[in-house]
Amino acid sequence: MTLLSSSLGMLVVFLAVIGLCYAGYSFFDPSFGQDKAIKKRLRHIHGGKNDQKNKRAAAAMVDITGMRQRGIFDRAFGHFLPNPVKLRARLARTGKSYTIGQYVLWNVVVAIIAAGAIFIFGKQAPLVSLFLGLAIGMWLPNKFVQRLINKRSKQFLGQFPDAIDLTVRGVRSGLPIGESIKSIATEMPAPLRDEFAIVNDAMKLGQPIEKALWEASERLDLPEVKFFVIALSIQRETGGNLAETLENLSSILRKRRFMQLKIKAMSSEARASSMIIGSLPFLMFGILLMMNPKYVMALINDPRGQLLLAVALGMIFLGTFIMRKMASFKI
């Protein structure tokens, strides 16, 4: 009963801090409730009418300002974080419609669950459980987002040389570069299709092709895309054979990809060794815990055992990290 009440107390304090921060944001931020202000001004312009046409106009205006994509939590947490623009761009690289508010809520939920588990099952002090829970809550969602980004980037790079070849064929057949990009947006699979569809829509709105492609390269943050944009921009400024330039770029990207896969295959033994060696202590701990629990529980119940356990875990993670870095190469 005491453990349950303490856990509920920690949860209430955590939620109270978030509520106070949100209340302070809504009081001091002048842009809070901007969507309501826009709707109110539109009603005033149209003489207070509230028909269906004015509702659509207000909704369109709110959508243009970006307030619709940013919900209550997104607007609140966006000002607490040190660099919300960078975080929003990082979430967009996952290809999902995640917002800052959702990401922060993931952090909070994971932190509460981890802190409660450490406090109840690990029998740690409330302050230690809170700090460990916060660390896990910040690390685990970040790792999940990075995994989604890596997966999408890998899919994009696997399709990108084919998109360049499609552009080369279009240029050689006499089509302008804009039509070639449009064909990529309609014929290639996702995620390549999604990014070039954004570029195509920007061109339809009158944006220069170089600027639209530079924005795409900033969204993706991939050196291969930046190579493509630089080659295209230089060719449009200085002239030359665009088809030959893009064909050479496609060949370089394919060779670069081939070299990356070759290095991955050659370093597979080192990566497998790091995973096996890193998992052996946890496997042996689990076996000993099932066979003789009293023999290993001293590492958890005794403060000296907890210190030794923390040092051992730190050394294991450090060694695994060094081995994986030694087996990782960038080309």
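Visitor: Provide a residue-level description of the overall build of the protein chain, including the pertinent values.
Guide: Helix and strand content of the protein chain: 16 helices and zero strands. Within the protein chain, the fraction of its 331 residues that count as buried is 30%. For the protein chain, contacts bridging at least 24 residues in sequence account for 59% of all contacts bridging at least 6.

Visitor: Got a sec to walk through the pattern of salt bridges? Specific residues and values, please.
Guide: Taken as a whole and judged by the stated rule, the model has 10 salt bridges. With its nearest N and O atoms 2.0 Å apart, the salt bridge here joins E224 to R256. Of this pair, E224 sits in helix α11 (residues 223–238) while R256 sits in helix α12 (residues 242–266), and the two are 32 residues apart along the sequence. R256 carries the same exposure label as E224, and that label is buried. Within this structure, R93, D221 and K226 form a network of salt bridges that share partners.

Visitor: Tell me about the packing of aromatic side chains, and name the residues and values.
Guide: The tally for this structure, following the rule as stated, stands at six aromatic pairs. Here Y103 and W106 contribute two aromatic rings whose centre-to-centre distance is 6.4 Å and whose plane-to-plane angle is 65°, an arrangement assigned as edge-to-face. Of this pair, Y103 and W106 both sit in helix α6 (residues 100–120), three residues apart, which is roughly one turn of that helix. On the basis of relative accessible area, Y103 is assigned to the buried category, the value being 10%. Geometrically, the ring pair formed by F160 and F228 is edge-to-face, given 5.5 Å between the ring centres and 85° between the ring planes. Of this pair, F160 sits in helix α7 (residues 126–172) while F228 sits in helix α11; the two residues are 68 residues apart in sequence, bridging distant segments of the chain. F160 sits in the buried class, given a relative accessible area of 1%.

Visitor: I'd like a rundown of a nonpolar patch on the surface, residues and numbers included.
Guide: Among the surface-exposed residues, I276, L280, L283, M284, I287, M290 and M291 lie close enough to one another that they form a single nonpolar patch of about 740 Å² accessible area. Within the secondary structure layout, L283 lies in helix α13 (residues 268–291).

Visitor: Which residues make up the nonpolar core, and what values do they have?
Guide: Grouped together as the largest cluster of nonpolar side chains are 32 residues, with contacts concentrated most on F156, F160, I164, L192, F196, L213 and F228. Mapped onto this core, the elements with two or more residues apiece are α7, α8 (177–187), α9 (192–204), α10 (209–220), α11 and α12. For this core, the element with the highest residue contribution is α7, accounting for seven residues. If sequence neighbours within four positions are ignored, I164 has contacts with F228, L246, L249, S250 and L253. Judged by nonpolar contacts, the second largest core, of eight residues, contains L87, I100, V108 and I149.

Visitor: I'd like to hear about the side chain of Q159, residue by residue, with values.
Guide: Along the chain, the position of Q159 falls in helix α7. Only 3.4 Å separates the side chain of Q159 from the backbone nitrogen of L192, close enough to count as a polar contact. If sequence neighbours within four positions are ignored, Q159 has contacts with M188, P189, A190, P191 and L192.

Visitor: Account for unusual backbone geometry, naming residues and giving values.
Guide: The step from A190 to P191 runs through a cis peptide bond, and the omega angle for that step is 5°. As for its placement among the helices and strands, P191 is situated in the loop between α8 and α9. One non-glycine residue, D221, lies in positive phi territory at about 55°.

Visitor: Could you give me a rundown of a positive patch on the surface, with the residues and numbers involved?
Guide: There is a patch of like positive charges on the surface, built from K96, K143, R147, K151 and R324. When residues in the positive patch are grouped by element, the largest group, three residues, is from α7. Tracing the backbone shows K96 in the loop between α5 (84–92) and α6.

Visitor: How would you sum up the packing of α9 against α10? Please name residues and give values.
Guide: Where α9 meets α10, the closest approach of the two axes is 9 Å, and the angle between their N-to-C directions is 150°. Between α9 and α10, the interaxial angle falls into the category roughly antiparallel. When you trace α9 past α10, the crossing you get is right-handed. Of α10, the residues touching α9 (which contributes E195, F196, I198, V199, A202 and M203) are I209, A212, L213, A216, R219 and L220. A per-class count over the contact of α9 with α10 returns 10 nonpolar, no polar and two charged.

Rules used throughout
Residues numbered from 1 in each chain as written. Predicted model: local features only at pLDDT ≥ 70, side-chain atom pairs only at ≥ 80, totals over all residues. Heavy atoms only, no water. Helix = DSSP H or I, 4+ residues; strand = E, 2+ residues; numbered from the N terminus. Buried < 20%, exposed > 50% of the residue type's maximum accessible area, 1.4 Å probe, protein only. Contact = heavy atoms within 4.5 Å. Salt bridge = Lys/Arg side-chain N within 4 Å of Asp/Glu carboxyl O. Phe/Tyr/Trp six-rings, centres within 6.5 Å; stacked < 30°, edge-to-face > 60°. Patch = residues over 30% accessible without salt bridge, like charges linked within 9 Å, V, L, I, M, F, W, Y side chains within 5 Å. Areas by Shrake-Rupley, 256 points an atom, 1.4 Å probe, with all protein chains shown as cover. Core = buried A, V, L, I, M, F, W, Y, C linked by side-chain atoms within 4.5 Å. Polar contact = N/O pair within 3.5 Å; in protein donor to acceptor, adjacent residues only side chain to side chain. Lys, Arg positive; Asp, Glu negative; His and termini not counted. Charge placed at Lys NZ, Arg CZ, Asp CG, Glu CD. Axes fitted to C-alpha atoms, helices over the stretch in contact; angles between N-to-C directions. Parallel < 35°, antiparallel > 145°, perpendicular 65-115°, else oblique. Left-handed = near helix turned anticlockwise from the far one by under 90°. Nonpolar A, V, L, I, M, F, W, Y, C, P; charged D, E, K, R; others polar.

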